[in-house]
Amino acid sequence: MKKLVSLLLSMLMICSLAGCGIVIDGEGGSTGSKASGESGAIGLSISTQNNPFFVTLAEGAKKAAKQAGVSLTVVDASDDASKQVSDIEDLVSKNVSVLIVNPVDSDAVTGAVEAAIAKGVKVISVDRVVNGVDIDCQIASDNVAGAELATQYIVDTLGENVKTAELVGTSGASAAIDRSQGFHNIADKKLKVVASQTADFDRTQGMTVMENMLQADSSIQAVFAGNDEMALGAVEAISGAKKDVLVVGFDATDDAIEAIKQGRMGATIAQQPDLIGSTAVENAIKLTKGESIPKEIPVEVTLITKDNVDK
């Protein structure tokens, strides 16, 4: 009996040292923790879920992951760059193979992404870029081209040199930078830009900023907002001031589409966020299999007006 006990203890010690697994009723045991980049799991760090666009993006990613039968963990940074850094570090500690990141701030996330890559994690950015890092793939709408379409719509509708205001998205976000650039590519040549201010992609801030702009200049004729949430806030401010101002947004959220149908908004840019999310997961799976993917994958944008909104 003593020899038997001694033999069993020796076997247990060997198993512990070797990290051996035990299989019970077909359930696979672990053979030790896998290093980052080897698990096959995917992590998605979203800038915020307090925005219909990003909610739809996450839903597209979740649907694609479910259909493919892969593990996807989604974390919400709540528009807090510091929280997003912690979220990414946590995902890496859980040994995800691929990190999909939608940065709150394209600069602030750089260090965390570099650390993830150093541990063997593949990285895909969605909607916004990660500055200063060579990642595996960027999937986004052409924000510059979309903003140019939106601004040209103002010119085509109201003519040149009309007084126009701009509501800019979150400072440091590449989408905000690119959309502002697209706006100015057209507006600086064909419109009279009388105000430009950040409203953080937020509806409430969009309303407040628009109220202040109208108080400073009641003759504003048009507004380009870097997303639909700010545009809808601007619409409320304009309605409260009893003004007739053409508002153009970006994202084609359900609320914006309804506002266009009602004649409260002039236009928006459709981005297909669900397609961005699903495309990211599909390409993340390819990376886990060692397949090559493009460095950039553009997703088509479309101008939505009263003429095509029902389509």
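What you see is a predicted model; the values in this text were computed from it and never measured.

As enumerated under the stated definition, the model contains ten salt bridges in all. Lys-163 serves as the salt-bridge partner of Asp-217, at 3.5 Å between the closest nitrogen and oxygen. Here Asp-217 is found in the loop between helix H7 (203-216) and strand E8 (222-225), whereas its partner Lys-163 is found in strand E6 (residues 163-168), with 54 residues between them in sequence. The partly exposed category is assigned to Lys-163, whose relative accessible area is 23%. Across the salt bridge formed by Asp-255 and Arg-203, the nearest N and O atoms sit 2.9 Å from each other. Of this pair, Asp-255 sits in helix H9 (residues 254-261) while Arg-203 is found in helix H7, placing the two residues 52 residues apart along the sequence.

Position of Thr-170 relative to the elements: it lies in the loop between E6 and helix H6 (174-190). On the basis of relative accessibility, which here comes to 13%, the residue Thr-170 falls in the buried class. Excluding its chain neighbours within four sequence positions, the residues that come into contact with Thr-170 are Val-104, Ala-176, Asp-200 and Phe-201.

Let's shift gears to the environment of Lys-192. For Lys-192, the location among the structural elements is in strand E7 (residues 192-198). In this structure Lys-192 comes out as partly exposed when scored by relative accessible area, which is 46%. Between the C-alpha atom of Lys-192 and that of Asn-161, which follows or precedes it by 31 residues, the distance is 4.9 Å. With residues up to four places along the chain from it excluded, the contact list for Lys-192 reads Asn-161, Val-162, Lys-163 and Thr-164.

What follows concerns the sheet that holds strand E5 (residues 137-141). The strand order across the open sheet formed by six strands is E2-E1-E3-E4-E5-E11, and the pairing between neighbours is parallel. Since the sheet does not close on itself, it has two edges, and those belong to strand E2 (72-76) and strand E11 (296-299), each with one partner. For this sheet, the mean inter-axis angle between neighbouring strands, taken without regard to orientation, is 15 degrees. The pairing of strand E3 (residues 98-101) with strand E4 (residues 122-126) spans four bridges and is classified as parallel. In the strand pairing of E4, Val-101 is matched with Ser-125.

Here we come to the packing of H7 against helix H8 (residues 228-240). Packing of H7 against H8 brings their axes to within 7 Å, and their N-to-C directions diverge by 45 degrees. In terms of axis orientation, H7 runs oblique to H8. For the element pair H7 and H8, the recorded crossing hand is right-handed. Packed against H7, whose contacting residues are Arg-203, Gly-206, Met-207, Met-210, Glu-211 and Leu-214, the element H8 presents Glu-229, Met-230, Leu-232, Gly-233, Ala-234, Glu-236, Ala-237 and Ile-238 at the interface. Residues of the contact of H7 with H8, tallied by class, amount to eight nonpolar, two polar and four charged.

This part covers the environment of Ala-231. The residue Ala-231 is located in helix H8 in this model. Spatially, the C-alpha atoms of Ala-231 and Gly-249 are 5.3 Å apart, while their sequence positions differ by 18 residues. Once residues lying within four places of it in the same chain are set aside, the contact partners of Ala-231 are Ala-225, Val-247, Val-248, Gly-249 and Met-265.

Rules used in this analysis
- Residues numbered from 1 in each chain as written.
- Predicted model: local features only at pLDDT ≥ 70, side-chain atom pairs only at ≥ 80, totals over all residues.
- Heavy atoms only, no water.
- Salt bridge = Lys/Arg side-chain N within 4 Å of Asp/Glu carboxyl O.
- Helix = DSSP H or I, 4+ residues; strand = E, 2+ residues; numbered from the N terminus.
- Buried < 20%, exposed > 50% of the residue type's maximum accessible area, 1.4 Å probe, protein only.
- Contact = heavy atoms within 4.5 Å.
- Pairing = 2+ DSSP bridges.
- Axes fitted to C-alpha atoms, helices over the stretch in contact; angles between N-to-C directions.
- Parallel < 35°, antiparallel > 145°, perpendicular 65-115°, else oblique.
- Left-handed = near helix turned anticlockwise from the far one by under 90°.
- Nonpolar A, V, L, I, M, F, W, Y, C, P; charged D, E, K, R; others polar.

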